[in-house]
Amino acid sequence: QLELLTVSKNISQSDFYSYRYFASEGFLPGYSFPRLPISAYIPARRGGGDRDEFLNRPRFLAISEYGPQSIIYHEGARYIINRVILPVGDRNDEILTNSAKICPVCGYLHPLNDPNGPDLCQRCDSPLDPPVRQLFRMQNVTTRRRDRINSDEEERLRFGYEIRTVVRFADRNVGPSYITAQVVNSGTVIGNLTYGDTATLWRLNLGWSRRKDKERQGFVLDLERGYWAKNEAVIDDDHEDRLSQRTARVIPYVDDRKNCLLFVPSLSLSDTQMASLQAALKTAIQVCYQLEDNELAAEPLPDRDNRNTILVYEASEGGAGVLRRLMEDSGALAVVAKIALELCHFDPGTGEDKRRAHGMNEDCEAACYSCLMTYGNQREHGLLDRQKIKDYLLDLASSETVASPNSVPKQDHLIVLKRQAGSDLEIKWLDFLYEQGLRLPSKAQMLVESCSTRPDFSYEDECAAIYIDGPAHEYPERQQRDQEQTLCMVDRGYEVIRFGYEENWVDIVNKHSYIFGRIQL
């Protein structure tokens, strides 16, 4: 303890944050602390009493706000992002860059650890595009004051950058870790859900959105001093930063971990329908779970020109935990769809068009700021049309979400569990869960060598071990062994739950509803 106090004292005397240091060293859980932001250095004005300043922004905001040659307005002055602080490379003549392959169908990310990498998408088995190289992780930036900005640059700022978001689920054990669900209406699958805790999101800045050559991505970077080169969208600059002879074109990106939900309609929907559905579901989820607008984000995948999937992620630090509830509660998505219908001025039961929001004086034809439009989706206002998604929202409003504990559909997972079951009583227990709409276990017959036991079933995320006890467990010797195994499992962090063949399984399930779900009596 004395050593830790000494380290804390030394750190507090410097510019480091002691709690973050302890988290990085493993003394404190790192997930309790927010991600480090990206800072922009603002130099002090000459001749004044001002001091140098640093403006901090979250990573996903900084990738565009602190992009190359971007303009920052600060305390009545204007500054241009002219330089990035370079990391130390493996050799003196290189900077650290990454490469990745991105699925053109679902937007799934495949970081490359070798020159070639996979040929097929690990999520949807689609052929992958050639790798995207020279991916440069965005660092802290510096600025230079600008005294003059004309209308051309103001127009450039309005158009902004082409930002692309890609996703990759956390890799655990032998592959990606995520759960899936089917959205079923009258026996027909109308949508598919995929959820992953702490999935990795990359946001790539591919260049100016109004650049002439769309195939040419990224920005030219001075490899020696970190200055950004002028872009064709920027007019002549009377204070141009001179570049060295060593330059390279790189694609800036940032990454973070978020709880993510992918929604893929089974029907073929147009871009207008996908954009409208994305806006409606995002707003409805926020209303349903009382979230602020900045706590939830939604984007199309694989990109804005090819809308096959709706990506929804919890943007706030740590997440609100609402997206998993959409998977675990079979009726949650239907409730969200009913709220979306109300937001779009439809009666959620009959689909009758009310034409306007309550208290408004003007009719809404396609979209308004009371339904689909927000200040955050202004670029998509031309696509939004509430009329085009009414029928699909009505189908969602009367649907049921059938979740599976892994990447295969629930029915297929049930078949696998039954094959691995060790007795008819275990199969009966699985049927009981399925018929009641409860969560199925992750695995069956998982060996725990340290306790010399093999639980009948297990829930990996909840670290719960399930035993289905038949008549043989009534003998004293067997009960003694069961007790010893239970104590050993509890010592190793497992929660042990036993279902006796003569016990009331409904009561046991409702007692542990945080694992199985709840049966309505």
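For the structure given in this document, a descriptive report is provided here. (Residues numbered from 1 in each chain as written. Predicted model: local features only at pLDDT ≥ 70, side-chain atom pairs only at ≥ 80, totals over all residues. Heavy atoms only, no water.)

### Remarks on the state of the cysteines
The cut-off we apply is this: Only a pair of cysteine sulfur atoms within 2.5 Å qualifies as a disulfide here. In this text, helices come from DSSP runs of H or I with a minimum length of four residues, and strands from runs of E with a minimum of two, each type numbered from the N-terminal end. Exposure categories follow from relative accessible area, calculated using a 1.4 Å probe and restricted to protein chains: below 20% of the type maximum is buried, above 50% is exposed, and the middle band is partly exposed.
Summed over the entire model, instances satisfying the criterion amount to 1 disulfide. The disulfide partner of cysteine 451 is cysteine 488, and the S-S distance across this bridge is 2.2 Å. Because the torsion about its S-S bond is -85 degrees, the bridge between cysteine 451 and cysteine 488 counts as left-handed. With cysteine 451 in the loop between β19 (443–444) and β20 (457–459) and cysteine 488 in helix α11 (residues 476–491), the pair connects residues that are 37 residues apart, well separated along the chain. The exposure class of cysteine 488 is buried, given its relative accessible area of 14%.

### A closer look at the sheet that holds strand β22 (residues 495–500)
Stated precisely, the cut-off is as follows: Paired strands, in this sense, are two strands between which DSSP finds at least two bridges. In what follows, residue pairs with any heavy atoms lying within 4.5 Å of each other are defined as contacts. Angular values range over 0 to 180 degrees, each being the angle between N-to-C directions of two axes fitted as lines to C-alpha atoms, with helices fitted over their stretch in contact.
Taken in spatial order, the 4 strands line up as β19-β20-β21-β22 in an open sheet, and their pairing is mixed. Where the open sheet ends on each side, the last strands, each with one partner, are β19 and β22. Pairing between β19 and β20: 2 bridges, direction antiparallel. Looking across to β20, one finds that lysine 443 is bridged to serine 458. Sheet strands in contact with α11 are β21 (464–469) and β22, and its direction is about 150 degrees off that of β22.

### Digging into the sheet that holds strand β3 (residues 71–74)
Across the sheet, 5 strands lie side by side as β2-β1-β8-β4-β3; this open sheet has mixed pairing. Single-partner strands in this sheet number two, and they are β2 (53–57) and β3. Strand-to-strand, the axes of this sheet are offset by a mean angle of 35 degrees, without reference to chain direction. Where strand β1 (residues 38–42) lies against strand β8 (residues 141–146), 2 bridges are found, and the strand directions are parallel. Each residue of the ladder has a partner; that of alanine 40, found in β8, is valine 141.

### Some words on the pattern of salt bridges
Keep this limit in mind: Each reported salt bridge corresponds to a side-chain nitrogen of Lys or Arg within 4 Å of a carboxyl oxygen of Asp or Glu.
Under the definition given, this model contains 26 salt bridges. In this structure, arginine 57 engages glutamate 65 in a salt bridge whose closest nitrogen and oxygen atoms are separated by 2.9 Å. A relative accessible area of 25% means that arginine 57 is categorised as partly exposed. In this structure glutamate 65 comes out as partly exposed when scored by relative accessible area, which is 26%. Two residues, arginine 211 and glutamate 162, come together in a salt bridge whose shortest N-O distance is 2.8 Å. Separated by 49 residues along the polypeptide, arginine 211 in the loop between β13 (188–208) and β14 (219–222) and glutamate 162 in strand β9 (residues 161–168) bring together distant segments of the chain. Classification of arginine 211 by relative accessible area gives buried; the value is 6%.

### Some words on the packing of aromatic side chains
Rule in force here: Stacked, edge-to-face and tilted are the three classes for Phe, Tyr and Trp ring pairs, Trp counted by its six-membered ring, which pair at centre distances within 6.5 Å; planes under 30 degrees apart are stacked, over 60 edge-to-face, the rest tilted. Any Lys NZ or Arg CZ that is within 6 Å of a ring centre and within 35 degrees of that ring's normal is treated as a charge sitting over the ring.
Evaluated as defined, the whole model comprises 18 aromatic pairs. Arranged with centres 4.3 Å apart and planes meeting at 20 degrees, the rings of tyrosine 161 and tryptophan 208 form a pair that is stacked. You can see tyrosine 161 sitting in strand β9 and its partner tryptophan 208 sitting in strand β13, a full 47 residues away along the chain. For the pair tyrosine 161 and tryptophan 208, one class covers both residues: buried. With 6.0 Å between their ring centres and 70 degrees between their planes, phenylalanine 219 and tryptophan 228 make a pair best called edge-to-face. Across the pair, exposure class does not vary: phenylalanine 219 and tryptophan 228 are buried alike. A network of ring pairs unites the aromatic residues Trp429, Phe432, Phe457, Tyr459, Phe499, Trp505 and Phe516 as a single cluster. When the ring centre of tyrosine 227 is taken as reference, the NZ or CZ atom of arginine 83 above it lies at 5.9 Å. For the cation-ring pair, arginine 386 lies above phenylalanine 346, with the distance from its terminal atom to the ring centre recorded as 5.0 Å.

The values reported here are purely geometric and, on their own, carry no functional implication.
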